[in-house]
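Chain by chain, the residues:
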Amino acid sequence: MYESIGAELRALCGKELREATDREVYRALLQMVQRRAAEQSRPVSGRKLYYISAEFLIGKLLSNNLINLGIYEETRACLAEAGKSLAAMEELEPEPSLGNGGLGRLAACFLDSLATLDLPGDGIGLRYHCGLFHQNLKDGVQSESPDFWLTDDCWAQRTETVYPVQLAGTTVQARLYRIAVTGYQGRTNQLNLFDLDTVNEGILGEGISFDKADIPENLTLFLYPDDSDDAGRLLRIYQQYLMVSAGAQLILEECAARGCDYHNLADYAAIQINDTHPSMVIPELIRLLGEHGIAFEEAVEIVTKTCAYTNHTILAEALEKWPLGYLEKVVPQLVPIIRQLDALARTRTEDTSTAILDGENRVHMAHMDIHFTHSTNGVAALHTEILKNSELANFYRLYPEKFNNKTNGITFRRWLLQCNPKLSREIEQRIGPGFKKDAGELEKLMALTEDREALESFAAIKAFNKKQLAQWLYEKQGVWVNPDAMFTIQSKRLHEYKRQQLNLLFLIHQYFQIKAGHKPAVPLVCIFGAKAAPAYTIAKDIIHALLTLSKVIAADPKVSRYLQVVFVENYNVAAAEKMIPACDLSEQISLASKEASGTGNMKFMLNGAVTLGTMDGANVEIAQRVGQENIYVFGRTSNQVIHRYQVGDYNAHEWYEGDPNIRRAVDFLVSDEMLAAGREEQLRRLHRELSGKDWFQTLPDFNAYLVRKTQAMMDYAHDPEGWSRKCLINIAQAGFFSSDRTIAEYNRDIWHLG
Ligand code: 26Q
């Protein structure tokens, strides 16, 4: 045992810290963390959770682990003494981009909370070599390139464990890699990631293209950003089956080692299915139990008791329905089991809308999940209500007892302690350190809402963070933003339902106003961060329009004094950690009923931003907690929106023709200024889309958005103290959105671990 971090690092480097290179020190830090993490692992007795997910957007791990192990400060000081900077080491770490967005980041937050709450719970997923693509923005257009993160110094440790997996009739070997998951003053769990030794980065072609047919060489190269072509869809099934088959074998092996005889599997394991991507674990477990001599009926019962399913979406196009032919090709061994499950489901109800196989021989993965798990949950109160009352109403009638809500949460270790150390220290000085373990204690800040001195110190921290972000944007992208402006941020995947295009129309309107001599109440800096799926044309057109508008504004000094538009390239966890602490106004403007929960909304709130949002997802619960004075709500309600879709009478063109403000803003997309700065095809396509289709009903919410955003700008400009109070109340009320609370609820209602 070493008595100090300095001694341990010196020993690991093999030389004095002062003489070691940054990379050598980074490697030593990694080894030290891994050793200390291993000391915190504990034997499991009773039920253990396996969280299976195609995505774990874990972000960089060094600082997070140092914080969770309680040695961040000591390490920083020890490095500083040797003339080294911990921040520089952090820069050396590549970010593992093993997720698309919210669902993947949620899985990472959940692992952190499980370990923190000292609950036995491991992740099961895939070791993608390049993760999600790297986004490049050049000449106003997104292009994609591979984002390698598997360097020599890597958190994912190779093991000697391999499991055979049958893919399209041939057997491949799935190798297990493990990443230690440290809890904050808690235990260490594991993230288990599977991969094939045969995967070959050498087959990558231009950008992110590769031979999609060569399964052994390509299987885990990328995380799928979309399913836009057949070869891609097939590959997605190969990936899913590799994950669930190896995962199921791991689970059975671990449980057997603890004395489980498989008849009592549910006493040893709880399996959470993160959206439908791992749903094949149901038939796979039934198949494997069959190999151990357990008959179909009993296997179904065991699996139902063991597994639970989380739904993350209400967009019909995002619900997985695989043609049976695909499964026959990739996993013929599951097809008879899926047919038997379909037959069994049909004996439970006359209602064929809940069948697993539909008339076109497609397998509805969500249907299989709901029939053959004991719990189906939505991820925010509104979302769960919509599932029960409309999207999954037929299932709710059949199994009311299975449905429950678990409002999402975020880990405060990363999204407050790590990304906003100044705010974290200030809170600690005011209310003590208890909030780090018990987020509910943040409510003690409510006692300070009339304390002018306190409000000023919180405001000063926000001002500092905005300067830091401005500096970072300059270093990263060469743009200077005015740190005294109001910062509004919309950062999330690019999708029409999230309505970045509504923000775009507002910015165009604002541009007209300034040109016409109406200065805004406060200069605005509008920041975007968003990746578009490579084959999602309209999403790419929206990025193009935003980048083009940004250029038009920047070229006009009269306007750019009051309005700046910045698009952060390659938005990822590291970028989020810089952006979120510096935000004044958090843009959560999805079409009501479409965003299942959102979790960015919670991160911004926790860091003292005020939300401008629709009554969608978890925004509803944020509004309930902070009260109407501390959030800017606008737009049609989910009931109104759902009704419009049911009636099917939304007519974008009428809105476009009928409102001169809207028409002028939409038409600006194809104005001479925009066409001169951007690309005609893209701009015209977006213009057509918005004026003729507008499937996500941007235009009906435009005026309400304009009014509320303008109000927010006036409040910010004319009543700084009132604004600071809103920010403080948002922080104080954020405790509910800790993933520690979410995980405690999952455990209480679904998992019953330990
Ligand atoms: C499906 C089939 C084929 C290929 C890809 C996919 C696919 C991949 C990723 C489908 C969906 C996703 C990701 C969904 C997602 O991130 N959902 C978000 O989950 C968050 C956590 O619950 C919520 O907060 C967000 O509201 C929800 O959009």
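Because the structure is predicted, anything quoted here is derived from the model rather than measured.

### Details of the environment of Gln697
- The residue Gln697 is located in the loop between α30 (680-692) and α31 (699-718) in this model.
- For Gln697, a relative accessible area of 4% puts it in the buried group.
- For the pair Gln697 and Arg258, spaced 439 residues apart in the sequence, the C-alpha separation amounts to 54 Å.
- Apart from residues no more than four positions distant in its own chain, Gln697 is found in contact with Arg499, Leu591, Val641, Arg644, Tyr645 and Tyr650.

### Some details on helix α2 (residues 22-39)
- Taking 1.5 Å of rise per residue, the 18 residues of α2 would be expected to cover 26 Å, and the 26 Å separating its terminal C-alpha atoms lies within 8% of that figure.
- Turning to α2, its buried residues number three or more, namely Val25, Tyr26, Ala28, Leu29, Leu30, Met32, Val33, Gln34, Arg36 and Ala37.

### Description of the packing of aromatic side chains
- Here the structure, examined in full by the defined rule, presents 19 aromatic pairs.
- Summarising the aromatic geometry, the rings of Tyr51 and Phe110 are spaced 5.7 Å apart at their centres and angled 80° between planes, so their arrangement reads as edge-to-face. Here the residue Tyr51 occupies a position in strand β1 (residues 48-52), and Phe110 occupies one in helix α6 (residues 102-116), the gap between them amounting to 59 residues. For the pair formed by Tyr51 and Phe110, the shared burial category is buried.
- With centroids separated by 5.3 Å and ring planes inclined at 45°, the aromatic side chains of Tyr511 and Phe668 adopt a geometry described as tilted. Taken together, the residues span a long stretch of sequence, with Tyr511 in helix α20 (residues 500-515) and Phe668 in the loop between α28 (660-667) and α29 (672-677) at a distance of 157 residues. Exposure class is identical for Tyr511 and Phe668. Each is buried.
- Over the ring of Tyr177 we find Arg127; its NZ or CZ atom is 3.7 Å from the centre of that ring.
- Taking the ring centre of Phe487 as reference, the NZ or CZ of Lys466 above it sits at 4.9 Å.

### Considerations on the sheet that holds strand β15 (residues 524-529)
- Strand order in the open sheet formed by 6 strands is β16-β15-β14-β17-β18-β19, with parallel pairing between adjacent strands. In the strand order of this sheet, the two ends are held by β16 (563-568) and β19 (632-633), each with one partner.
- This element, helix α19 (residues 452-477), spans β14 (486-491), β15 and β16 of the sheet and lies at about 65° to β16.

### Details of helix α25 (residues 619-626)
- Inspection of α25 places Asn619, Glu621, Ile622, Ala623 and Val626 among the buried residues, and these make up the whole buried set.
- Contacts from the buried residues of α25 go to α15 (381-391), β17 (585-588), α24 (600-606), β18 (610-613) and α32 (720-732).
- Just downstream of α25, Gly627 is the residue with a positive phi angle, here 85°.

### Quick word on the pattern of salt bridges
- In this structure the tally under the stated criterion is 51 salt bridges.
- One salt bridge in this structure joins Arg287 and Glu291, with 3.1 Å as the shortest N-O distance. Of this pair, Arg287 and Glu291 both sit in helix α10 (residues 281-291), separated by 4 residues, roughly a single helical turn.
- The salt bridge partner of Arg362 is Glu360, with a shortest N-O separation of 3.9 Å.

### Examining the packing of α20 against helix α21 (residues 537-554)
- Direction vectors running N to C along α20 and α21 enclose 20°, while the axes themselves pass 10 Å from each other. Relative to α21, α20 is oriented roughly parallel. Where α20 crosses over α21, the handedness of that crossing is left-handed. Packed against α20, whose contacting residues are Gln500, Gln501, Leu504, Leu507, Ile508 and Tyr511, the element α21 presents Ile542, Ala545, Leu546, Leu549, Val552 and Ile553 at the interface.
- In terms of residue class, the contact of α20 with α21 is made up of 10 nonpolar, 2 polar and no charged.

### What about the packing of α20 against α28?
- Close contact between α20 and α28 brings their axes to 9 Å; oriented N to C, the two are set at 100°. Relative to α28, the element α20 is oriented roughly perpendicular. Here α20 contributes Leu505, Ile508, His509 and Phe512 to the contact with α28, which in turn contributes Asn661, Arg664, Ala665 and Val666.
- Grouping the amino acids of the contact of α20 with α28 by side-chain chemistry returns 5 nonpolar, 2 polar and 1 charged.

### Some details on the environment of Phe435
- You can see Phe435 is positioned in the loop between α18 (421-431) and α19.
- Sequence separation of Phe435 and His752 is 317 residues, and the distance between their C-alpha atoms is 25 Å.
- Those residues in contact with Phe435 that lie beyond four places of it in its chain are Leu416, Leu417, Ser424, Ile427, Glu428, Glu441 and Leu442.

### Let's talk about the site of the ligand
- What surrounds the ligand is a group of 18 residues, the closest being Leu103, His312, Asn408, Glu595 and Gly598.
- Residue Ser597 places a main-chain N or O atom 3.0 Å away from an oxygen atom belonging to the ligand.
- Note that an oxygen atom of the ligand is positioned 2.8 Å from one of the backbone N or O atoms of Gly598.
- Contact with the protein chains covers 87% of the free accessible surface of the ligand, which is 610 Å².

Parameters at a glance
Residues numbered from 1 in each chain as written. Predicted model: local features only at pLDDT ≥ 70, side-chain atom pairs only at ≥ 80, totals over all residues. Heavy atoms only, no water. Helix = DSSP H or I, 4+ residues; strand = E, 2+ residues; numbered from the N terminus. Buried < 20%, exposed > 50% of the residue type's maximum accessible area, 1.4 Å probe, protein only. Contact = heavy atoms within 4.5 Å. Expected span 1.5 Å × (residues − 1). Phe/Tyr/Trp six-rings, centres within 6.5 Å; stacked < 30°, edge-to-face > 60°. Lys NZ or Arg CZ within 6 Å of the ring centre and 35° of its normal. Pairing = 2+ DSSP bridges. Axes fitted to C-alpha atoms, helices over the stretch in contact; angles between N-to-C directions. Salt bridge = Lys/Arg side-chain N within 4 Å of Asp/Glu carboxyl O. Parallel < 35°, antiparallel > 145°, perpendicular 65-115°, else oblique. Left-handed = near helix turned anticlockwise from the far one by under 90°. Nonpolar A, V, L, I, M, F, W, Y, C, P; charged D, E, K, R; others polar. Near = heavy atom within 4 Å. Polar contact = N/O pair within 3.5 Å; in protein donor to acceptor, adjacent residues only side chain to side chain. Areas by Shrake-Rupley, 256 points an atom, 1.4 Å probe, with all protein chains shown as cover.

Nothing here speaks to function; it is all geometry.
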